[in-house]
Amino acid sequence: MATTDRQTPTLALAHALAAAGRGLPVFPLSAAKVPALRSPHRDEQRPTPCRGECGLPGHGVHDATTDPAAVRALFAAAPRATGYGIACGRAPHRLIGIDLDVDPAYGDDAAGSLRQLALQHLFTIPPTVTVLTPSGGRHLWLTGPADATVPNSAGRLAPGIDIRGSGGYLVGPGSVTAHGRYRLAPGTAHLAPAPCPRALLRLLTRPRRTAAPSAGPGTPRTPGRQGEGLVQFVLAAHTGQRNTRLFWAACRAYEHGFGDALADALTAAAVRTGLPEHEARATIASAARLTSGRDGQANGAA
């Protein structure tokens, strides 16, 4: 676990200003990788979420800016910030983050899964900015065209591959979190984010598969064998894999239109592996929000 000292917030600001100077919109993060400034609307009941229209800080990724004076003001308001987030999908770079995790639950590391996708769909990942994460994973920085909106996703391409696009953010290199420091991979500091290969961009922007037409109004789609497979996937989890497997399975269920119908079965499976019920239901709820795009924070950090 990383330790912080009095210099950590100063260094976080310095790294954030350097990133802003390269045209990357930034905002302060806490050691938990979440926005360091609390929402000014946390005690309000609002019909629609505010994304900074009120003019106050505390709107997470929507606070991100490249203006040095504004960056300093944000960090001054968040004196305990230990890192910074970089907003994806914003001009001029329109950053796309490919988050490659490392977890025995996937049978292989996510980098291997990405190589398989590249062979299958005939694209090559060009040399680009690469950030090493404390868990042993890595973030690949790519850029997208102005006419493409890349959605955030978790495990949609393959288990362990998360995508950060419009409305999401990446933890910037130099940030210190509760689990360690994010740092640039050797040999990539001089690189600019490379354009996303067209074949990969098509995979990232293709519409989600929707549920088949129901038998009648209000009739939910039933999970069937695919749902049974997702439950078995959760049941096979070992310690350290349980939450990850549950989240991935829940995302797949909601993407295919039977998330609500499978939620209880997934919860029961997760509880059998040792996950507390309240934690399992919270994880499934996060998957529901992410796949429906209802939660601006759920599509957040990588």
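The rules behind each value
- Residues numbered from 1 in each chain as written.
- Predicted model: local features only at pLDDT ≥ 70, side-chain atom pairs only at ≥ 80, totals over all residues.
- Heavy atoms only, no water.
- Helix = DSSP H or I, 4+ residues; strand = E, 2+ residues; numbered from the N terminus.
- Buried < 20%, exposed > 50% of the residue type's maximum accessible area, 1.4 Å probe, protein only.
- Contact = heavy atoms within 4.5 Å.
- Areas by Shrake-Rupley, 256 points an atom, 1.4 Å probe, with all protein chains shown as cover.
- 1 Å grid on protein atoms, 1.4 Å probe; cavity = no way out; pocket = protein on both sides within 12 Å on 5 of 7 lines; lining within 4 Å.
- Points joined across faces, edges and corners; volume = space filled by probe spheres on them.
- Salt bridge = Lys/Arg side-chain N within 4 Å of Asp/Glu carboxyl O.
- Pairing = 2+ DSSP bridges.
- Axes fitted to C-alpha atoms, helices over the stretch in contact; angles between N-to-C directions.
- Phe/Tyr/Trp six-rings, centres within 6.5 Å; stacked < 30°, edge-to-face > 60°.
- Lys NZ or Arg CZ within 6 Å of the ring centre and 35° of its normal.
- Core = buried A, V, L, I, M, F, W, Y, C linked by side-chain atoms within 4.5 Å.

### Points about the overall build of the protein chain
- From N to C terminus, the protein chain includes 8 helices and 12 strands.
- In the protein chain, which comprises 302 residues, the share counted as buried stands at 47%.
- Here the contacts in the protein chain between residues at least 6 apart in sequence split such that 73% fall between residues at least 24 apart.
- As displayed, the protein chain has an accessible area near 15300 Å², and 53% of this comes from carbon and sulfur atoms.

### Things to note about empty space enclosed by the protein
- For the coordinates displayed, the defined rule picks out 1 cavity of 30 Å³ or more.
- In this structure, the largest cavity occupies an estimated 40 Å³ of space.
- Lining the largest cavity are V150, P151, S153, R156, L157, I163, L203 and L204.

### Here's the deal with the pattern of salt bridges
- Taken as a whole and assessed by the stated rule, the structure comprises 3 salt bridges.
- Among the ionic pairs, D264 bridges to R281, the shortest N-O distance being 3.3 Å. A residue pair is termed long-range when its members are at least 10 positions apart, and D264 in helix 7 (residues 259-272) and R281 in helix 8 (residues 277-292) qualify at 17 residues.
- A salt bridge links E277 to R281; the nearest nitrogen and oxygen atoms lie 3.1 Å apart.

### A short note on the sheet that holds strand 8 (residues 169-171)
- The sheet built from 3 strands is open, its strands ordered 1-2-8 with antiparallel pairing. Of all strands in the sheet, those with a lone pairing partner are strand 1 (26-29) and strand 8, marking the two edges. Going from strand to strand, the sheet's axes swing by 35° on average, the running direction of each strand aside.
- Lying over the sheet, helix 1 (residues 7-21) contacts strand 1 and strand 2 (83-87), oriented at roughly 20° with respect to strand 2.
- Running at roughly 10° to strand 1, helix 2 (residues 68-77) makes contact with strand 1 and strand 2 of the sheet.

### Re the packing of aromatic side chains
- Applying the stated rule across the entire model yields 2 aromatic pairs.
- Here F27 and Y169 contribute two aromatic rings whose centre-to-centre distance is 5.1 Å and whose plane-to-plane angle is 85°, an arrangement assigned as edge-to-face. Of this pair, F27 sits in strand 1 while Y169 sits in strand 8, and the two are 142 residues apart along the sequence.
- Judged by relative accessible area, which is 3%, Y169 ranks as buried.
- A cation over a ring is seen here: R245 above F233, with NZ or CZ 4.2 Å from the ring centre.

### Topic: the nonpolar core
- Ranked by internal contacts, the top residues of the largest apolar core, which has 31 residues, are V26, V71, F75 and W141.
- At the level of secondary structure, the elements contributing two or more residues to this core comprise helix 1, strand 1, helix 2, strand 2 and strand 8.
- Per-element accounting of this core gives the leading share, 6 residues, to helix 1.
- Not counting residues up to four positions away in its chain, the partners in contact with F75 are A12, L13, A16, F27, P28, A81, G83 and Y84.

### Some points on unusual backbone geometry
- Across the junction of A91 and P92, the peptide omega takes the value 5°, indicating a cis bond.
- The topology assignment puts P92 in the loop between strand 2 and strand 3 (95-100).
- Phi at K33 is positive, roughly 70°, even though this residue is not glycine.
- One can find K33 in the loop between strand 1 and helix 2.
- With phi around 50°, R94 is a residue other than glycine that occupies positive phi space.
- Secondary-structure assignment places R94 in the loop between strand 2 and strand 3.
- Of the residues examined, R94 reaches a relative accessible area of 27% and is grouped as partly exposed.

### Overview of the pairing of strand 3
- Counting buried residues in strand 3 gives 6 out of 6 residues, a clear majority hidden from the surface.
- Because side chains alternate across strand 3, one face comprises the buried residues L95, G97 and D99, and the other comprises I96, I98 and L100, equally buried.
- Bridge count between strand 3 and strand 5 (residues 138-143): 6 bridges; the pairing is antiparallel. Bridge assignment links I98 to a residue of strand 5, and that residue is L140.
- The pairing of strand 3 with strand 7 (residues 161-164) spans 4 bridges and is classified as antiparallel. In the strand pairing of strand 7, D99 is matched with D162.

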